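Here is what each chain is made of, one letter per residue.
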Amino acid sequence: MIKVLIVDDIPETREHLSKLLGFEQEIDVAGTGASGEEAIRLAMELRPDVIVMDINMPEMDGIAASEIISQRLPMIPIIMMSVHGEAEHLRRAMLAGAREFLVKPFSSDEFSMSIKRVHERELVRQSQLQVVAPGEEADYAQPGGHRVVAVFSPKGGSGRTTIATNLAVSLHKETGAKVCLVDANLQFGDVGVLLNLNPKNRSIIDAVDAGEPDSDIIESVLVHHSTGIRVLLGPPAPEAADLVTAVNLRKILEELKAHHDYVVVDLPSGLTDHSLGVMDFADDILVIAALEITTIKNVRLFLEVADQLEYDRAKIRLVINRSDTAQGIRIGDVEASIRRPIDGSIVSDGRLAVLAVNRGVPFVVSHPEAALSRDVAKLARTVAGETPVPSTDKPAKRGLFARR
């Protein structure tokens, strides 16, 4: 049975939609809600397979509720509905995380088919993101294995791309390992800028242009950088991002992992099919945060999602960037707030960071003795030298943000 949650502020509409689905043998209405706040609460309690939500509701509307649900429970697809079918409503719904958009009034067949379609797509997505069978989770932590390191921040402006780029170079410098840096921020990636490379020459688009990418094609589009690392650049224009599917990206990472000691992936700040797929596949997730309230709040939300996805806690490393620039917030305060330790910190040096970006030369190369470079090198040694200890059993009912 497909468990469905229906959310609409009009009681007659909720009753009508529930009756429409009452004739469907494959669909069960698990609950109904009358507001955005109730939608969030019921989603957390019921864990439905699909949520059908109206846009126009008083107080918290469906757009705001969908954004929160998509962050906390990204595995639950949302269908938005509205009497307005303009492109702006559709755009806002999709940006909020909706998988489909229904314009009222719609027929019973349209309604049920939409639910079945998004549910089937989600099942396919989950199967594609499945890395290993149950009981094999420990394999990723075996010493000497090739590793994928995802660099993520739940909030923009954290310095994520700068850290990812310099980390990749440091991993090569510190260990002599074969390292590949992947720009997975497919719409607005900046790895090419930081390394003075032009994505119009070769980029990930060239890898997927001919269909499913294979080893030879991927090898041909990698750029050999003067620092010794290899780079897979993002698309040259934002609109080209749609050409790269989550399946494409997963296939590319599989091939890169097989031929490199480390694959460092710079992710966008949002939780999309692409970024979740990378994090599922990654051996390490470096979460970059800053000592400010909104970022800490977003880190808490991300850790909640990670728990829902049953990520091994040793897989996630929390790194505080610009750790010496806080106004009244200390690392200890962050640890107390999220109830887990911070794994690393990086000092602030805005002048050096901006100079490195403008020159297109990583600061770990141009200024290796700077405190900023030393902190990134220390992070690289941590990633290279500390192998997570796989847990022997899954913490089935653990509390959120429980300390490791």
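Rules behind the numbers
- Residues numbered from 1 in each chain as written.
- Predicted model: local features only at pLDDT ≥ 70, side-chain atom pairs only at ≥ 80, totals over all residues.
- Heavy atoms only, no water.
- Pairing = 2+ DSSP bridges.
- Helix = DSSP H or I, 4+ residues; strand = E, 2+ residues; numbered from the N terminus.
- Axes fitted to C-alpha atoms, helices over the stretch in contact; angles between N-to-C directions.
- Contact = heavy atoms within 4.5 Å.
- Buried < 20%, exposed > 50% of the residue type's maximum accessible area, 1.4 Å probe, protein only.
- Lys, Arg positive; Asp, Glu negative; His and termini not counted.
- Salt bridge = Lys/Arg side-chain N within 4 Å of Asp/Glu carboxyl O.
- Polar contact = N/O pair within 3.5 Å; in protein donor to acceptor, adjacent residues only side chain to side chain.
- Phe/Tyr/Trp six-rings, centres within 6.5 Å; stacked < 30°, edge-to-face > 60°.
- Expected span 1.5 Å × (residues − 1).
- Arc of directions from axis to C-beta.
- Right-handed = clockwise from strand over helix to strand, strands pointing away.
- Core = buried A, V, L, I, M, F, W, Y, C linked by side-chain atoms within 4.5 Å.
- pLDDT = per-residue confidence, 0-100.

This brings us to the sheet that holds strand β5 (residues 100-103). The strand order across the open sheet built from five strands is β2-β1-β3-β4-β5, with neighbouring strands paired in parallel fashion. Bordering the open sheet on either side are β2 (27-33) and β5, each of which pairs with just one other strand. Strand-to-strand twist in this sheet, taken as the mean axis angle between neighbours without regard to direction, amounts to 20°. In this structure, strand β1 (residues 2-7) lies alongside β2, joined through six bridges in parallel fashion.

For the rest of this paragraph, the subject is the sheet that holds strand β12 (residues 316-321). Pairing within the open sheet is mixed, and its eight strands lie in the order β8-β9-β7-β10-β6-β11-β12-β13. The strands lining the two open edges of the sheet, one partner per strand, are β8 (223-224) and β13 (344-346). Pairing of β8 with strand β9 (residues 230-232) involves two bridges; the strand directions are antiparallel. Across the sheet, the residue bridging to His224 is Arg230, located in β9. With respect to the sheet, helix α10 (residues 246-259) is in contact with β6 (147-152), β7 (179-183), β9 and β10 (262-266), its orientation differing from that of β10 by roughly 145°.

Positionally, Asp183 belongs in strand β7. Here Asp183 sits buried without a salt bridge, and the closest side chain of opposite charge, Arg160, lies 6.5 Å off (N-O distance). Of note is the side chain of Asp183, whose polar atom sits 3.2 Å from the backbone nitrogen of Val191. Each residue touching Asp183, except ones within four places of it in the same chain, is listed here: Gly189, Asp190, Val191, Gly192, Leu232, Leu233, Gly234 and Asp266.

Here the focus is the packing of aromatic side chains. Applying the stated rule across the entire model yields two aromatic pairs. Ring centres of Phe106 and Phe111 lie 5.2 Å apart, and the angle between their planes is 40°; on these two criteria the pair is classed as tilted. No difference in accessibility class separates Phe106 from Phe111, as the two residues are buried. Centroid distance Phe152 to Phe302: 4.9 Å. Interplanar angle 40°. Geometry classified as tilted. Taken together, the residues Phe152 in strand β6 and Phe302 in helix α12 (residues 293-308) connect sequence positions 150 residues apart. Look at Phe302 and you get buried, because its relative accessible area is 4%.

Turning our eyes to something else, we now look at helix α1 (residues 11-22). A rise of 1.5 Å per residue sets the reference length of α1, with its 12 residues, at 16 Å; its end C-alpha atoms lie 16 Å apart and thus fit the reference within 8%. If you check which residues of α1 are buried, you get Thr13, Arg14, Leu17, Leu20 and Leu21. The arc enclosing the buried residues of α1, seen along the axis, measures out at 125°, which places them on a common side. Relative to its buried face, α1 has exposed residues pointing more than 90 degrees away, namely Glu12, Lys19 and Gly22.

Taking 1.5 Å of rise per residue, the 16 residues of α12 would be expected to cover 22 Å, and the 23 Å separating its terminal C-alpha atoms lies within 8% of that figure. Along α12, the positions that sit buried rather than exposed are Thr295, Ile296, Asn298, Val299, Leu301, Phe302, Leu303, Glu304, Val305, Ala306 and Asp307. Looking one or two residues beyond α12, the residue adopting positive phi is Glu310, at roughly 60°.

What follows is about the pairing of β12. Most of β12 is tucked away: six of the six residues are buried. Residues Ile316, Leu318 and Ile320 of β12 are buried on one face, and the alternating residues Arg317, Val319 and Asn321, pointing to the opposite face, are buried as well. Sheet topology note: the strand β11 (residues 284-289)/β12 ladder contains five bridges and is parallel. Considered in β12, the bridge of Leu286 is made with Arg317. Crossover β11 to β12 through α12 is right-handed. Where β12 and β13 come together, three bridges link them in parallel fashion. Bridge assignment links Val319 to a residue of β13, and that residue is Gly344.

In this structure, Leu256, Val265, Met279, Ile285 and Ile316 are the most contacted members of the largest nonpolar core, which totals 47 residues. Among the elements that make up this core, the one with the highest residue count is α12 (five residues). Leave out the neighbours within four places in its chain, and Ile285 touches Ala150, Met279, Phe302, Tyr311, Lys315, Ile316 and Arg317. Counting residues in each nonpolar core, the second largest holds 34 residues, with Val169, Ala177, Leu372 and Ala380 among its members.

Along the polypeptide, Glu255 turns up in helix α10. Judged by relative accessible area, Glu255 falls into the buried class, the value being 17%.

Turning our eyes to something else, we now look at the confidence of the model for the protein chain. Overall, the predicted model of the protein chain reaches an average pLDDT of 83, with 89% of residues at or above 70. Here residues 131-144 is a poorly scored stretch, pLDDT under 50, and it has 17 contacts once near neighbours within four places are set aside; other chains count. Under a pLDDT of 50 for its full length, residues 386-404 has, in the predicted model, 47 contacts with residues more than four places off or in other chains.

This part is about unusual backbone geometry. With an omega of -5°, the peptide bond running from Lys104 to Pro105 counts as cis. Mapped onto the elements, Pro105 comes out in the loop between β5 and α5 (108-129). Phi at Glu59 takes a positive value of approximately 60°, unusual for a residue other than glycine. Note on placement: Glu59 falls in the loop between β3 (50-54) and α3 (62-72).

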